[in-house]
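Architecture and fold: a report
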Amino acid sequence: MNILISGGSGFLGSAFSRELMTRYRAQDKALQITWLTRDSSQAHPDDIAMMTYDEFAETDKSFDVILNLAGAGIADSRWSDERKETLLASRVKPTESILAFIARSSAKPKLLVSGSAIGWYGTQGDKPLTENSDFKTDFAHKLCDDWEQLALKATQYGVPVAIVRTGVVIHPEGGMLGKLLTPFKMGVGGQLGDGKQIMSWVSREDWVGAAIFIIEKHLTDNISSQDMQDNTLKTTNDKPALVYNFTAPNPVTNHTFTKALGSWLNRPTFFTLPEFLLKLMFGEMSTLLIDGQKVLPQALQNAGYTFKQPTLKQALEEQ
């Protein structure tokens, strides 16, 4: 397999690259991973190739799969107007570069896997949400939908697309858990608001495993009509475009998450950050902390993926 990854050095892309290399070496399969980057001097493993966006604009190389993960962190800072523009541009520009490459390539990729997030569904409380659920409009939905609609244009060039709507990824090396470790270890961690909001999470190991599973399933043409029954997206042609929720099958409340994290670290969790203070601290972005989503991985499970860490306890303890 020859795979190009935008955002390859990030929290998910780097873990995906390591696991894919480990699996293919064990199976003695040929593999070439290329990271698409703006900085050619960026540190990277010796057996991963680097390609700048300028080189990408002129290359005549071909790739079996493109994994599009580039994008600034949605929860990294308050959503000022300038930050919102940055969040969108950091997703749109790499995707536009990928579409331009696909358009001019004589040997098209066999699959584009493009990132998104469960924010696509908007705030819907504890209502169970699957891939065929409707959405509620807010900034997170619009950001995700703009990104998804752009990626779906790859089908116009005959390239199948798989959209991955990712939940809160659990791993101590980064993401939300990485940010929470220090305050919880200091004994000042606690629940957010009333703690009743649902948190749809996934372990990083399962995110990586599910991504490899979907890629290999598509490359072997092992997608059945049953697999596509409830997660097909509308396009202007007959090339498949599927969406997958990358979340664990057992979402939890913020209260449960808080207690589980405190137990794992053997630290107290007496504190509570009230809703008004979260709104004061984070502004509009506080919706990510206060308002829950119960997003379920129906399409992944229908396709046959088996979660290695289906419970939060496993995801925390098996690190």
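In this report, we go over the structure that sits alongside the text. In this text, all values refer to a predicted model and were calculated from it rather than measured experimentally.

What counts and how
Residues numbered from 1 in each chain as written. Predicted model: local features only at pLDDT ≥ 70, side-chain atom pairs only at ≥ 80, totals over all residues. Heavy atoms only, no water. Helix = DSSP H or I, 4+ residues; strand = E, 2+ residues; numbered from the N terminus. Rg over C-alpha atoms; globule rule 2.2 N^0.38 Å. Buried < 20%, exposed > 50% of the residue type's maximum accessible area, 1.4 Å probe, protein only. Contact = heavy atoms within 4.5 Å. Areas by Shrake-Rupley, 256 points an atom, 1.4 Å probe, with all protein chains shown as cover. Lys, Arg positive; Asp, Glu negative; His and termini not counted. Charge placed at Lys NZ, Arg CZ, Asp CG, Glu CD. Axes fitted to C-alpha atoms, helices over the stretch in contact; angles between N-to-C directions. Parallel < 35°, antiparallel > 145°, perpendicular 65-115°, else oblique. Nonpolar A, V, L, I, M, F, W, Y, C, P; charged D, E, K, R; others polar. Pairing = 2+ DSSP bridges. Right-handed = clockwise from strand over helix to strand, strands pointing away. Phe/Tyr/Trp six-rings, centres within 6.5 Å; stacked < 30°, edge-to-face > 60°. Lys NZ or Arg CZ within 6 Å of the ring centre and 35° of its normal. Left-handed = near helix turned anticlockwise from the far one by under 90°.

Here we come to the overall build of the protein chain. Regarding its fold elements, the protein chain presents 11 helices and 15 strands. A globule of 319 residues ought to have a C-alpha radius of gyration of about 20 Å, and the protein chain, at 19 Å, matches this closely. Dimensions along the principal axes, computed over C-alpha positions, put the protein chain at roughly 60 × 40 × 40 Å. For the protein chain, with 319 residues in total, the buried portion stands at 49%. Put simply, 76% of the contacts in the protein chain that link residues at least 6 apart link residues at least 24 apart. Split by element, the accessible area of the protein chain, about 14800 Å² in all, is 51% carbon and sulfur. Of the charged side chains in the protein chain, 32 are positive and 36 negative; the average position of the first set lies 3 Å away from that of the second.

At a closest axis distance of 9 Å, the pairing of helix α3 (residues 81-104) and helix α4 (residues 139-151) adopts a crossing angle of 10°. One element, α3, and the other, α4, form an angle in the roughly parallel class. Here K84, L87, L88, R91, V92, T95, E96 and L99 of α3 lie close against α4, whose contacting residues are F139, L143, D146, W147, L150 and A151. Taken together, the residues of the contact of α3 with α4 sort by class into nine nonpolar, one polar and four charged.

Time to look at the pairing of strand β2 (residues 32-37). In summary, the side chains of a regular strand alternate between the two faces of the sheet. With five of six residues buried, β2 is to be regarded as a mostly interior element. Relative to β2, strand β1 (residues 2-6) is paired through five bridges, and the arrangement is parallel. When the bridges of β2 are listed, L4 appears paired with T34. In the classification by handedness, the crossover that spans β1, the intervening helix α1 (residues 13-26) and the parallel β2 is right-handed. The pairing of β2 with strand β3 (residues 48-52) spans five bridges and is parallel. Bridge pairing in β3 links I33 to I48.

The final tally for this structure, using the stated rule, is eight aromatic pairs. Here the aromatic rings of Y305 and F307 are separated by 5.1 Å at their centres, their planes lie at 80°, and the arrangement is edge-to-face. In this structure Y305 comes out as buried when scored by relative accessible area, which is 8%. Joined through ring pairs, the aromatic side chains of F56, F63 and F101 make up one cluster. When the ring centre of Y24 is taken as reference, the NZ or CZ atom of K29 above it lies at 5.2 Å.

Here we take up the packing of α1 against helix α6 (residues 204-219). Between α1 and α6, whose axes approach to 10 Å, the crossing angle comes to 60°. Comparing their axes, α6 and α1 come out oblique. Relative to α6, the crossing made by α1 is right-handed. Seen from α1, the contacting residues are A15, F16, R18, E19, L20, R23 and Y24; seen from α6, they are R204, W207, V208, G209, A211, I212, I215 and E216. Taken together, the residues that form the contact of α1 with α6 break down as nine nonpolar, one polar and five charged.

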